[in-house]
Amino acid sequence: FGRENDIASLVEPRGAALVYGGRQLGKTTLLNAAVQEFRKRDPLHNHAFYMPMDGIFQHVVERGINVKKRLFEQLVLKLVDAKVLVNNASNAQMDPEDRLSQEFLRPGTTRVLFCLDEIDSVLNKDAATNFELVRSLKALVNDPHHRFRVVFAGLNNVNRFRTYPNVPLEQLGSPLEVGILSSQ
C-alpha cells in the first residue's frame, strides 16, 4: 500500500521505533502491516502483537496506576496467551518485568514485536517518572540477542520526547514520520 520500506524498517531489529504523524494518516494500518510482516518472516519463531494504548491504558493513566507495571503485566499476558511464556506456579508470582528479562535477555529462537499504538498519554505519564518504562523496554530491546522489539506510535507531539535530555527513546530505534502519501 505504498509503505513497504516503512514496514521493513519497523520489523528490523535496529529499525524505526517511534512512528508519529497527524490523525488519520495510516499509523495504525502501518503497525498492523508490520505485525503481519514480522510474523510472516518466521511464522514458527516470530510473534507480533498490536496493542492500542488508549482505552484500558487511558484509564490507567487517569487513575494514577503504575503504567510501567501494568504494561509489563499486559505484555506477559499476551505472551502467555500465545504460548511463548509458560504459566506455572513458580513463574506466575514473578514480577512481569523480571519474567520478560529472564526470557529475552538470553539466546533463543523466539522473537517478539509489540506495536504500541496511541502511546501519547502513556509517554506523558512516563515522563513524570524520568521515563522509567522506556528505560526498562530499552534494556530488553538493546540486548545483543535482538529477541524483543517494541514500536511506539502516536500523534506528532510524541516526537517531542526525542529532544528531551537523557530520554532513551532514540536508543530504541529511529523515528518514522507518517505523512500523506503522494500519488506517484
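Residues numbered from 1 in each chain as written. Predicted model: local features only at pLDDT ≥ 70, side-chain atom pairs only at ≥ 80, totals over all residues. Heavy atoms only, no water.

Caption draft 1: Looking closely at the overall build of the protein. Looking only at helices and strands, one finds eight helices and five strands in the protein. Going residue by residue from the N terminus, the α and β elements of the protein occur as α-β-α-β-α-α-α-α-β-α-α-β-β. The C-alpha extent of the protein, read off along each of the three principal axes, is 55 × 40 × 30 Å. The 184 residues of the protein split such that 46% are buried. Of all intrachain contacts in the protein linking residues separated by at least 6 positions in sequence, the fraction that spans at least 24 positions is 74%. When the accessible surface of the protein is summed, it comes to about 9,200 Å², and 49% of that surface belongs to carbon and sulfur atoms. (Helix = DSSP H or I, 4+ residues; strand = E, 2+ residues; numbered from the N terminus. Buried < 20%, exposed > 50% of the residue type's maximum accessible area, 1.4 Å probe, protein only. Contact = heavy atoms within 4.5 Å. Areas by Shrake-Rupley, 256 points an atom, 1.4 Å probe, with all protein chains shown as cover.)

Caption draft 2: The arrangement of empty space enclosed by the protein in detail. Under the definition given, this model contains one cavity of 30 Å³ or more. If you add up the space inside the largest cavity, you get close to 40 Å³. P13, F38, R111, V112, V141, H146, R147, F148 and R149 are the residues that line the largest cavity. Elements that contribute at least two residues to the lining of the largest cavity include exactly β3 (111-117) and β4 (148-154). Partitioning the lining of the largest cavity into residue classes produces five nonpolar, one polar and three charged. (1 Å grid on protein atoms, 1.4 Å probe; cavity = no way out; pocket = protein on both sides within 12 Å on 5 of 7 lines; lining within 4 Å. Points joined across faces, edges and corners; volume = space filled by probe spheres on them. Nonpolar A, V, L, I, M, F, W, Y, C, P; charged D, E, K, R; others polar.)

Caption draft 3: Highlighting the nonpolar core. Within the largest apolar cluster, 40 residues are counted, with the highest numbers of intra-cluster contacts made by L100, F114, F148 and F152. Residue contributions to this core peak at seven residues, all from helix α4 (residues 67-81). When sequence neighbours within four positions are dropped, the list of residues in contact with L100 reads F72, L75, V76, L79, L85, L105, L140 and F148. V11, F38, A153 and V178 belong to the second largest nonpolar core, which has 18 residues in total. (Core = buried A, V, L, I, M, F, W, Y, C linked by side-chain atoms within 4.5 Å.)

Caption draft 4: Summary view of helix α6 (residues 96-104). Along α6, the positions that sit buried rather than exposed are P96, R99, L100, E103 and F104. Each buried residue of α6 sits inside an arc of 110 degrees when the element is viewed along its axis, so together they form one side. Those residues of α6 that are buried lie in contact with α4, α5 (89-92), β3, α8 (132-141) and β4. (Arc of directions from axis to C-beta.)

Caption draft 5: The packing of α4 against α6, seen in detail. Between α4 and α6, the shortest axis-to-axis distance is 8 Å and the interhelical angle comes to 50 degrees. By the angle between their axes, α4 is oblique relative to α6. Crossing of α4 over α6 shows left-handed handedness. Contact residues: α4 offers K68, F72, E73, L75, V76, L79 and V80, while α6 offers P96, E97, R99, L100 and F104. In terms of residue class, the contact of α4 with α6 is built from eight nonpolar, no polar and four charged. (Axes fitted to C-alpha atoms, helices over the stretch in contact; angles between N-to-C directions. Parallel < 35°, antiparallel > 145°, perpendicular 65-115°, else oblique. Left-handed = near helix turned anticlockwise from the far one by under 90°.)

These figures capture arrangement, not role.
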